[in-house]
Amino acid sequence: MQNMQELRQASDATITLNNGVTIPQLGLGVFQTPQGEETIGAVRSALQAGYRHIDTAMIYRNEESVGEGIRQSGVDRRDVFLTTKLWNDDIRAGKAREACYRSMDRLGVDYLDLYLIHWPADGWEQAWEQMVELYRERRVRAIGVSNFQQHHLESLLAMSGTKPQVDQIESSPQFVNQELVDAVHAKRIDVEAYSPLGGTGGSLLSDPLLARIGEQYGKSPAQVVIRWHLQRGVIVLPKSTHAERIRQNSDVFDFALDDAQMRAIAALDTGHRNGADPDHFDF
Ligand code: A2P
């Protein structure tokens, strides 16, 4: 990561993954954003506000609209880092390759920047082998996993000569998940944080600590939390469907939290996740 003080906009902050591919550290998440104008508009607004990284998944059922938003933005597809994810049914059916092609069709692209195994569903080992083939064939520039705990990653590394570039996991000040973040980083794999603002319907953003810290810099609680993620060196994927919030969430490069503030924010940790537990999920 570059010196945070020198960065002025979303597209400037990048991380180099373990295969040499560069990823913008801030991306727009579109979980639960419905297909149609809501997703098209969110993606278009993000790209026009300077984002260069969009994170979707087959199961969000909005891939067509993500592709349309990119086209409507006027930004060259090659300048956008685009991620989608392999759904559990396709993992269980051994159809990673077909699923990847179908996702690219819906997105209207001929390569992906990052393709992830969405959950460690039964059969993920075989799916990983197919993902490695897609990577070798250069249909995807990077491959990774999501919701993998340390033991899943260790199994993967023991069976495959190809390391994932990222593990996308739940992480926010309310569920810091620091032990896993550290374990993933120790394997030289990057961490992507989902539900970074505490997730839809969460209470994190109304915590008075965030408002108090934000006041000092003229920033909102969401901006403070996004800045906290950037400074801890993870890739952060805040979700919003509102153009003004999308813009606001990328305006986080003109201030820096000090060490005491970083620690105080991390101390909001409750240990409770917002989403499903990767060791006990039933979908
Ligand atoms: P909305 O989409 O209505 O803007 P996460 O990224 O942790 O999943 O959290 C997303 C939630 O936080 C969404 O419900 C989103 O609502 C809300 N949100 C995103 N950005 C902001 C912001 N700048 N201020 C307040 N709420 C926000």
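From a predicted model like this one, the values you see are computed outputs, not experimental measurements.

1. Regarding the overall build of the protein chain
In terms of helices and strands, the protein chain carries 11 helices and 10 strands. In terms of overall size, the protein chain behaves like a compact globule, its C-alpha atoms giving a radius of gyration of 18 Å where 283 residues would be expected to give roughly 19 Å. Across the 283 residues of the protein chain, 57% fall into the buried class. Considering only residue pairs separated by 6 or more positions, the protein chain has 74% of its internal contacts joining residues 24 or more positions apart. Surface exposure of the protein chain reaches about 11800 Å², of which carbon and sulfur atoms provide 45%. The positive charge centre, built from 29 side chains, and the negative charge centre, built from 39, are 3 Å apart in the protein chain.

2. What to know about unusual backbone geometry
At Asn 177, a residue that is not glycine, the phi angle is positive and equals roughly 60°. For Asn 177, the location among the structural elements is in the loop between strand E8 (166–170) and helix H7 (178–186). Of note, the phi angle at Arg 188 is positive, near 60°, even though the residue is not glycine. Note that Arg 188 resides in the loop between H7 and strand E9 (190–194). The exposure class assigned to Arg 188 is exposed, which follows from its relative accessible area of 64%.

3. Comments concerning the site of the ligand
Looking at the ligand, there are 16 residues lining it, with Leu 197, Gly 199, Ser 240, Arg 245 and Gln 248 nearest. Contact distances for the ligand include 3.0 Å between an oxygen atom and a side-chain N or O atom of His 242. Residue Asn 249 places a side-chain N or O atom 2.9 Å away from a nitrogen atom belonging to the ligand. Its residues assigned to classes, the shell around the ligand shows five nonpolar, nine polar and two charged.

4. Looking at the packing of helix H5 (residues 124–136) against helix H6 (residues 150–159)
Between H5 and H6, the shortest axis-to-axis distance is 11 Å and the interhelical angle comes to 55°. Of the possible angle classes, the one that applies to H5 and H6 is oblique. Classified by chirality, the crossing of H6 by H5 is right-handed. Residues Trp 124, Glu 125, Trp 128 and Glu 129 of H5 form the contact with H6, whose participating residues are His 152, Ser 155, Leu 156 and Met 159.

5. A look at the pairing of strand E6 (residues 114–117)
Neither face of E6 is open: one carries Leu 114 and Leu 116, the other Tyr 115 and Ile 117, and all of them are buried. As defined by bridge partners, strand E5 (residues 81–86) adjoins E6 across four bridges and the pair is classed as parallel. By the bridge assignment, Thr 84 is partnered in E6 with Tyr 115. The sheet contact formed by E6 and strand E7 (residues 143–146) spans three bridges and is parallel. Looking across to E7, one finds that Tyr 115 is bridged to Ile 143. In this region the chain leaves E6, passes through H5 and returns to the parallel neighbour E7; the handedness of that crossover is right-handed.

6. Some remarks on the nonpolar core
Core analysis: the largest hydrophobic core is formed by 75 residues, its most contacted members being Leu 28, Ile 54, Leu 86, Tyr 115 and Ile 117. Setting aside residues up to four positions removed in sequence, Tyr 115 forms contacts with Thr 84, Lys 85, Leu 86, Ala 96, Ala 99, Cys 100, Met 131, Leu 134, Val 140, Ala 142, Ile 143 and Gly 144. Counting 11 residues, the second largest nonpolar core, distinct from the first, contains Ile 15, Leu 17, Ile 23 and Leu 114.

7. Structural notes on the pattern of salt bridges
Enumeration according to the criterion identifies 15 salt bridges in this entry. With a closest N to O distance of 2.7 Å, Glu 63 and Arg 106 form a salt bridge. Of this pair, Glu 63 sits in helix H2 (residues 63–73) while Arg 106 sits in helix H4 (residues 96–107), and the two are 43 residues apart along the sequence. Each of Arg 77, Asp 113 and Arg 141 takes part in salt bridges that share partners, so that together they form one network.

8. Some words on helix H10 (residues 243–250)
Within H10 the residues assigned to the buried category are Ile 246, Gln 248, Asn 249 and Ser 250. Buried positions along H10 lie against strand E3 (28–29), helix H1 (37–48) and helix H9 (221–231).

9. Structural notes on the packing of H4 against H5
At their nearest, the axes of H4 and H5 sit 8 Å apart, and the two run at 50° to each other. Classified by the angle their axes make, H4 and H5 are oblique. Along the contact surface, H4 presents Ala 96, Arg 97, Glu 98, Cys 100 and Tyr 101, while H5 presents Ala 127, Gln 130, Glu 133 and Leu 134.

10. Some thoughts on the packing of aromatic side chains
The full count for this structure, using the stated rule, is seven aromatic pairs. For the pair Trp 87 and Phe 283, a centre-to-centre distance of 6.0 Å together with 10° between the ring planes defines the contact as stacked. Residue Trp 87 is found in the loop between E5 and helix H3 (88–92), and its partner Phe 283 is found in the segment after helix H11 (259–266); the two are separated by 196 residues along the sequence. When the ring of Phe 281 is compared with that of Phe 283, the centres are 5.2 Å apart and the planes differ by 45°; the resulting orientation is tilted.

Reading the values: the criteria
Residues numbered from 1 in each chain as written. Predicted model: local features only at pLDDT ≥ 70, side-chain atom pairs only at ≥ 80, totals over all residues. Heavy atoms only, no water. Helix = DSSP H or I, 4+ residues; strand = E, 2+ residues; numbered from the N terminus. Rg over C-alpha atoms; globule rule 2.2 N^0.38 Å. Buried < 20%, exposed > 50% of the residue type's maximum accessible area, 1.4 Å probe, protein only. Contact = heavy atoms within 4.5 Å. Areas by Shrake-Rupley, 256 points an atom, 1.4 Å probe, with all protein chains shown as cover. Lys, Arg positive; Asp, Glu negative; His and termini not counted. Charge placed at Lys NZ, Arg CZ, Asp CG, Glu CD. Near = heavy atom within 4 Å. Polar contact = N/O pair within 3.5 Å; in protein donor to acceptor, adjacent residues only side chain to side chain. Nonpolar A, V, L, I, M, F, W, Y, C, P; charged D, E, K, R; others polar. Axes fitted to C-alpha atoms, helices over the stretch in contact; angles between N-to-C directions. Parallel < 35°, antiparallel > 145°, perpendicular 65-115°, else oblique. Left-handed = near helix turned anticlockwise from the far one by under 90°. Pairing = 2+ DSSP bridges. Right-handed = clockwise from strand over helix to strand, strands pointing away. Core = buried A, V, L, I, M, F, W, Y, C linked by side-chain atoms within 4.5 Å. Salt bridge = Lys/Arg side-chain N within 4 Å of Asp/Glu carboxyl O. Phe/Tyr/Trp six-rings, centres within 6.5 Å; stacked < 30°, edge-to-face > 60°.

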